[in-house]
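# Commentary on secondary and tertiary structure
Given next are the chains, with one letter for each unit.
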Amino acid sequence: MAFPILKPIERKRKLINELIEMMSKHKTIALADITGLRALQFQRLRGKLREIIQIKVAKNSLIRKAIEELKEKRGIDLSPLKSFLEGQTAVVVSNLNPFEVYNILEKNKVSAKAKPGDRAIKDIVLPAGNTGLTPGPILSLFKKFKVPIKIEEGSIHVTKDTVVIKAGEVIPAEIADLLGKLGIEPMEVGLRIKAVYSEGLVYKADDLKINVEDYKRKLVDAASRALSLAVSSVFITSESAPYIIAKAAMEAKSLAINACYPTSESISYILAKAHAQAMALSNIVNIQ
């Protein structure tokens, strides 16, 4: 079956319409930077996330046009996102909240080969073991970067895990070439959030960077402090009421015991207290 060949202007119109549909049907709309993300890696990511996130790449001019038409035709104002339209951009939409979208994209990066001039995101280590490389001019490279090696059965063996580039350093061409030969992919590429629009608010990437475990600990601590304050100030809520009642019962029992006011709860303590006082008095009298 032959598919009709669309003219450039028809292709643009079709893409704009698709962007409008995507953005109008989801509560979270994000712009992501895809610079450096190769086609194969992009397809792998899109396929992996298809169930929860939709992604579409378009020229910034078309995304801008879709945002403008979305406001005109459907009353949805995404105009704050237009200031983030620079570089290579993908539109990311989802019904998850912005923080979930950000965390999913951060956790779903893929490894990539290093290119000359890349900056290492973490220490790059040459692992101990057989490199599969034969001795030759490359030996000087291992020596230059102080990688301990030995020649065994015609191959170069690294004798100890060795850091050749530290996090933050620029990767030189000779190291990028060596890493490629060893099949080491030290870089991570993925969709990098630039801005997210959700329920009338715009979030920048830095706004979405939260330590979930640390945030949970702070919430637990805040809840504990709030409960303690409510109990101390006798502010009754469904959470504080059991503790306030228990505290009041304990204080009432203590008062009854100290005042020798007999009740079914206090009588045994009053008798025990009286017995203890009588024994103490008896001991004093006997000593004298």
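Structural data are supplied above this passage.
Just so you know, these numbers come straight off a predicted model, no measurement behind them. (Residues numbered from 1 in each chain as written. Predicted model: local features only at pLDDT ≥ 70, side-chain atom pairs only at ≥ 80, totals over all residues. Heavy atoms only, no water.)

## Side note on the overall build of the chain
Convention followed: Per the convention used, a helix needs a DSSP run of H or I reaching at least four residues, while a strand needs a run of E reaching at least two, with both numbered from the N terminus. When we talk radius of gyration, it's over C-alpha atoms, and the globule rule is simply 2.2 Å times the number of residues to the 0.38. A 1.4 Å probe rolled over the protein chains alone gives each residue an accessible area, and that area as a share of the maximum for its type sets the label: buried under 20%, exposed over 50%, partly exposed in between.
The helix and strand inventory of the chain stands at ten helices and twelve strands. For 288 residues, the compact-globule formula gives about 19 Å, and the C-alpha radius of gyration of the chain, at 34 Å, lies well above that figure. Based on the C-alpha atoms only, the size of the chain along its principal axes is roughly 105 × 70 × 35 Å. In the chain, which comprises 288 residues, the share counted as buried stands at 33%.

## Let's talk about the packing of helix H1 (residues 8-24) against helix H3 (residues 60-74)
Between two packed helices, what matters for the description is the angle formed by their axes and the separation of those axes. Keep this limit in mind: Lines fitted to the C-alpha atoms define the axes, with helices restricted to the stretch that makes contact. Angles between their N-to-C directions range from 0 to 180 degrees. Orientation categories follow fixed angle ranges, with anything under 35 degrees roughly parallel, anything over 145 roughly antiparallel, 65 to 115 roughly perpendicular, and all other angles oblique. Handedness of a helix crossing follows the sense of rotation of the near helix relative to the far helix, less than a right angle counterclockwise being left-handed and clockwise being right-handed. Note on contacts: a residue pair is in contact if any heavy atoms of the two residues lie within 4.5 Å. All amino acids are sorted into three groups, where Ala, Val, Leu, Ile, Met, Phe, Trp, Tyr, Cys and Pro are nonpolar, Asp, Glu, Lys and Arg are charged, and the leftover types, Gly among them, are polar.
Remark: H1 packs on H3, axes separated minimally by 9 Å, with the N-to-C direction vectors making an angle of 60°. As judged from the angle between their axes, H1 and H3 are oblique. Judged by the twist between their axes, the crossing of H1 over H3 is right-handed. Note on element contacts: H3 touches H1 through Leu62, Ile63, Lys65, Ala66, Ile67, Glu69, Leu70, Lys73 and Arg74, opposite Lys12, Arg13, Leu15, Ile16, Leu19, Ile20, Glu21, Met23 and Ser24. Residues belonging to the contact of H1 with H3 are distributed by class as follows: ten nonpolar, one polar and seven charged.

## Comments concerning the sheet that holds strand E6 (residues 129-130)
The strands making up a sheet associate through backbone hydrogen bonding, with each pair oriented either parallel or antiparallel. Note the following rule: Two strands qualify as a pair provided that DSSP identifies no fewer than 2 bridges between them.
Strand order in this open sheet of three strands is E6-E8-E7, and the pairing throughout is antiparallel. The open sheet has two edge strands with one neighbour each: E6 and strand E7 (149-152). Two strands pair when backbone bridges link them, and E7 and strand E8 (residues 155-158) are joined in this way by four bridges, in the antiparallel orientation. When the bridges of E8 are listed, Ile151 appears paired with Ile156.

## Things to note about the packing of aromatic side chains
To keep it simple, the criterion reads: Aromatic contacts are taken between Phe, Tyr and Trp rings whose centres are within 6.5 Å, Trp giving its six-membered ring; a plane angle under 30 degrees counts as stacked, one over 60 as edge-to-face, and the others as tilted.
Summed over the entire model, instances satisfying the criterion amount to one aromatic pair. When the ring of Phe99 is compared with that of Tyr203, the centres are 5.8 Å apart and the planes differ by 70°; the resulting orientation is edge-to-face. Of this pair, Phe99 sits in helix H4 (residues 98-107) while Tyr203 sits in strand E12 (residues 201-204), placing them 104 residues apart in sequence. Taking relative accessible area as the criterion, Tyr203 reaches 19% and is therefore assigned buried.

## Regarding the environment of Leu78
Topologically, Leu78 is positioned in the loop between H3 and strand E3 (89-94). The spacing of Leu78 and Ile29 is 49 residues in sequence and 8.7 Å in space, taken between C-alpha atoms. Residues in contact with Leu78, not counting those within four places in the same chain, are Met23, Ile29, Ile67, Leu70 and Tyr197.

## Topic: the nonpolar core
This is how the line gets drawn: By nonpolar core is meant a set of buried Ala, Val, Leu, Ile, Met, Phe, Trp, Tyr and Cys residues that side-chain atoms within 4.5 Å join together.
Ranked by internal contacts, the top residues of the largest apolar core, which has 45 residues, are Phe142, Ile171 and Leu191. Apart from residues no more than four positions distant in its own chain, Ile171 is found in contact with Ala114, Lys115, Pro116, Gly117, Asp118, Ala120, Ile124, Ile165, Ala176 and Met187. By size, the runner-up hydrophobic cluster in this structure holds 22 residues, among which are Met23, Ile63, Leu81 and Phe84.

## Regarding the sheet that holds strand E2 (residues 54-57)
The five strands are arranged E2-E3-E1-E11-E12 in an open sheet whose pairing can be described as antiparallel. Strands at the two margins of the open sheet, each flanked by one partner only, are E2 and E12. Sheet twist, expressed as the mean angle between neighbouring strand axes with direction ignored, is 20°. Relative to strand E11 (residues 192-198), strand E1 (residues 28-33) runs antiparallel, the two being bridged by six bridges. Paired with Ile29 across the bridge in E11 is Tyr197.

## Points about unusual backbone geometry
One non-glycine residue, Glu199, lies in the positive phi region at around 50°. Tracing the backbone shows Glu199 in the loop between E11 and E12. By relative accessible area, Glu199 is classed as exposed at 64%.

## Details of H4
Worth spelling out the cut-off: Nitrogen and oxygen atoms within 3.5 Å of one another constitute a polar contact, given that in protein one can donate a hydrogen and the other can accept it, and given that sequence-neighbouring residues count only through two side-chain atoms.
Every buried residue of H4 is listed here: Pro98, Val101, Tyr102, Asn103, Ile104 and Leu105. Sitting at the amino-terminal end of H4 is Asn97, which places a side-chain oxygen 2.9 Å from the backbone nitrogen of Phe99.

## Focus: a nonpolar patch on the surface
What counts here: Residues forming no salt bridge and having over 30% relative accessible area are the ones grouped into patches, like charges within 9 Å of each other and nonpolar side chains (Val, Leu, Ile, Met, Phe, Trp, Tyr) within 5 Å. For the accessible areas, the method is Shrake-Rupley and the probe is 1.4 Å, while residue cover comes only from the protein chains on display. When a carboxyl oxygen of Asp or Glu is within 4 Å of a side-chain nitrogen of Lys or Arg, the pair counts as a salt bridge.
Together, Ile210, Val212, Tyr215 and Leu219 line one region of the surface with nonpolar side chains, adding up to about 350 Å² of accessible area. With respect to the secondary-structure elements, Leu219 resides in helix H8 (residues 212-232).

## Digging into helix H6 (residues 173-182)
To be explicit about the condition: Think of it as the arc spanned by the lines of direction from the helix axis to the C-beta atoms.
Buried within H6 we find Ile175, Ala176, Leu178 and Leu179. End-on, the buried residues of H6 take up no more than an arc of 165°, which puts them together on one face. Next to the buried residues of H6 lie strand E5 (124-126), helix H5 (139-144) and strand E9 (162-165). Immediately beyond the C-terminal end of H6, within one or two residues, lies Gly183, with a positive phi of roughly 75°.

## Looking at the side chain of His157
Take His157: it is sitting in strand E8. Dropping the residues within four chain positions of it, His157 is found in contact with Gly129, Asn130, Pro148, Ile149, Lys150 and Glu152.

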